[in-house]
Amino acid sequence: MIIIMKPEATVAQIDSLCDKLIGQGMQIQRNAGVDCTVLGVLGDVARLDPHNYLIQPGVERVMPVSEPFKKANRKFHPKDTVVDVSGVKIGTRRLSLIAGPCSVENYDQITDTAFKVRSSGASILRGGAFKPRTSPYSFQGLKLEGLDLLEQAHEVTGMPICTEIMSPKMVEEYDRRVDLIQVGARNMQNFDLLTELGQTRRPILLKRGMSATVYDWLLSAEYIMAAGNPNVILCERGIRTFETYTRNTLDLSAVQAVKQLSHLPVLVDPSHATGLSWMVERMSLAAIAAGADGLIIEVHNDPPHALCDGAQSLTPPQFAQLVGKITALAPIVERTI
Ligand code: PEP
Ligand code: MN
C-alpha cells in the first residue's frame, strides 16, 4: 500500500501515521519528495482497510498495490489448485461435468436422471434439497428428504453428490453427507456460513453472487480459506445486468479474470446464466473455450413437469449431445474429457 501525504502535512502527522502502521506490524519506506512525502507500506497489508488511512490527518491519497485476498491469490500459490471431490479431481486438464436437476423431486426422478447423465459422462450428480427461492410461495425443495434421496442416488450410481447449503446450522450434517457443498449466488456473502464451512475440509462450490464483482467473489473464497478450508471451487453463474432477455448475463471474461488472479478451479453454470435450455449448449462450449475447468448443468428427465427451473433444463439426450460436442472441442483447448 502506498500513502501519499498532503504537501502541508506536518512531520508530527507523518510520524504519528508511521507509528500507527508500525503498531500494526507494518514496515515503512519513507520517501520525502520535494512536494510531499510518500510512504511505502510493506507487510501483511491485506489486513489493513485503506479507508481507515484515508481519514488520517495529513493524508492525501491511499493506493492499495496488492489484492486484498491472500490464500486465494495466485501470487502466493502460482500452481493451479486441484480439488478432490470424493475421487473426482477438479482443476486438472480433464474437464469436469456436474449434472442433474435443479431440485430433487422423488426417487425415480433423481436416480433416472443420475443414471442417464452418468452414462453420458457426468462425474458428479447435482440436485437441490434446500432451495433458495426468490418467492416464499415457490417450491422450497424436499429438504432433509431430498438429502436422503440424493444419498440413495449416490448408493445406486456411485456418483458423488453436490447440493446447496443455506444455513450455517446445517454445516455439520452436510459435511457428513455431501461430497461437494454448493454455496448459491444468494448466499455468497453469508459470511457466517462461509466461516462455518471453513471449519470443514469438505470441497465447496462457491457460486458468484448475482451482483458480486470478481474481487467480492474472491474475498468470499478467502473467508472459507482463511477459516481453514483450502478446497474451494469457483462457479460463474451469470450476473444481473440491464439485459432481461436472458435470466442473467454470462460473464465469461470473469473466468479469465479469476484464473489470472487466483489458483482456484473455475466452473461455469450456463443454465442459471441464461435461463434458456436452447442456449445452454453454445454457452457451454463458449465457457470451455474461455478456460473453464468444467461445467455444472441442469438436466431433468422431464423438464416440462420440473418443479423448479424446467425452462433451463436439458433433457438427458440433449446433455448427451452436448457432451459429444465438448469432446470434439476439448483437444483444441488442450483439455480432455
Ligand atoms: C441452483 O444451482 O439451483 C441455484 C439456485 O443456483 P444459483 O445460486 O446460481 O442461482
Ligand atoms: Mn436451478
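Preceding block: the structure.
I will try to describe carefully the structure that is included in this document. (Residues numbered from 1 in each chain as written. Chains lettered and ligands numbered in written order. Predicted model: local features only at pLDDT ≥ 70, side-chain atom pairs only at ≥ 80, totals over all residues. Heavy atoms only, no water.)

### Description of the sheet that holds strand β4 (residues 59–63)
To keep it simple, the criterion reads: In short, DSSP must find at least two bridges between two strands for them to pair. Starting at the N terminus, helices and strands are each numbered in turn, a helix being any DSSP run of H or I of at least four residues and a strand any DSSP run of E of at least two. Axes here mean lines fitted to C-alpha atoms, for a helix over just the part in contact, with angles spanning 0 to 180 degrees between N-to-C directions.
Judged by pairing direction, the sheet is antiparallel, and its four strands sit side by side in the order β2-β3-β1-β4 without closing on themselves. For this open sheet the edge positions go to β2 (27–32) and β4, each flanked by a neighbour on one side alone. Each adjacent strand pair in this sheet contributes to an overall mean axis angle of 20 degrees, direction not counted. Here four bridges tie strand β1 (residues 2–5) to β4, and the two strands are oriented antiparallel to one another. Within β4, the position partnered with Ile 2 by the bridge is Met 63.

### A closer look at empty space enclosed by the protein
Rules: Any residue with an atom within 4 Å of a point lines the site, the site being either a cavity, points on a 1 Å grid over the protein atoms alone where a 1.4 Å probe fits but cannot get out, or a pocket, an open set with protein on both sides within 12 Å along at least 5 of 7 lines. Grid points are joined across faces, edges and corners, and a volume is the space filled by probe spheres set on the points. Nonpolar residues are Ala, Val, Leu, Ile, Met, Phe, Trp, Tyr, Cys and Pro. Charged residues are Asp, Glu, Lys and Arg, and all others, Gly as well, are polar.
Following the criterion strictly, the structure yields one cavity of 30 Å³ or more and no others. If you add up the space inside the largest cavity, you get close to 30 Å³. What lines the largest cavity is Arg 126, Gly 127, Gly 128, Lys 131, Cys 162, Thr 163, Glu 164 and Gln 182. It is strand β9 (residues 161–165) that provides the largest number of residues to the lining of the largest cavity, a total of three residues. Along the lines of polarity and charge, the residues of the lining of the largest cavity split into one nonpolar, four polar and three charged.

### Some remarks on the nonpolar core
Here is the rule we go by: As used in this record, nonpolar core signifies buried Ala, Val, Leu, Ile, Met, Phe, Trp, Tyr and Cys residues forming a set joined through side-chain atoms within 4.5 Å. To sort residues, take the accessible area from a 1.4 Å probe on protein chains only and compare it with the maximum for the residue type: under 20% means buried, over 50% means exposed, and anything in between is partly exposed. In what follows, a contact means two residues having at least one pair of non-hydrogen atoms within 4.5 Å.
Grouped together as the largest cluster of nonpolar side chains are 67 residues, with contacts concentrated most on Ile 165, Leu 206, Leu 234 and Phe 319. Ignoring sequence-local partners within four residues, the contact set of Leu 206 consists of Val 183, Met 188, Leu 194, Trp 217, Ser 220, Ala 221, Ile 224, Val 232, Ile 233, Leu 234 and Cys 235. Within the second largest apolar cluster, 16 residues are counted, among which are Ala 9, Leu 17, Val 41 and Tyr 53.

### Things to note about the coordination of the manganese ion (ligand 2)
Where we set the bar: Nitrogen, oxygen and sulfur within 2.8 Å of a metal are treated as its donors, or within 3.2 Å for sodium, potassium and calcium (Na, K, Ca); water is not counted, so a site can appear incomplete.
The protein atoms donating to the manganese ion (ligand 2) are Cys 102 (SG), His 272 (NE2), Glu 298 (OE) and Asp 309 (OD), with metal-donor distances spanning 2.0 to 2.4 Å. Here the donor residues of the manganese ion (ligand 2) are spaced in sequence according to C-x169-H-x25-E-x10-D. Linking His 272 in helix α9 (residues 270–274) with Glu 298 in strand β14 (residues 294–298), this pair joins segments that are 26 residues apart in sequence. The burial state of His 272 is the same as that of Glu 298; both residues are buried.

### Thoughts on the site of ligand 1
Here is the rule: Proximity is defined per residue: if any heavy atom of the residue lies within 4 Å of a molecule or strand, that residue is considered near it. In protein, a polar contact means a hydrogen-donor-capable atom and an acceptor-capable atom, both N or O and within 3.5 Å, with residues adjacent in sequence counting only if both atoms are side-chain atoms; elsewhere, any N or O pair within 3.5 Å suffices.
All residues adjacent to ligand 1 are Cys 102, Arg 126, Lys 131, Glu 164, Gln 182, Gly 184, Ala 185, Arg 186, Lys 207, Arg 237, His 272 and Glu 298. Within the contact set of ligand 1, an oxygen atom lies 3.1 Å away from a side-chain nitrogen or oxygen of His 272. A breakdown of the residues in the shell around ligand 1 according to their chemical character gives two nonpolar, three polar and seven charged.

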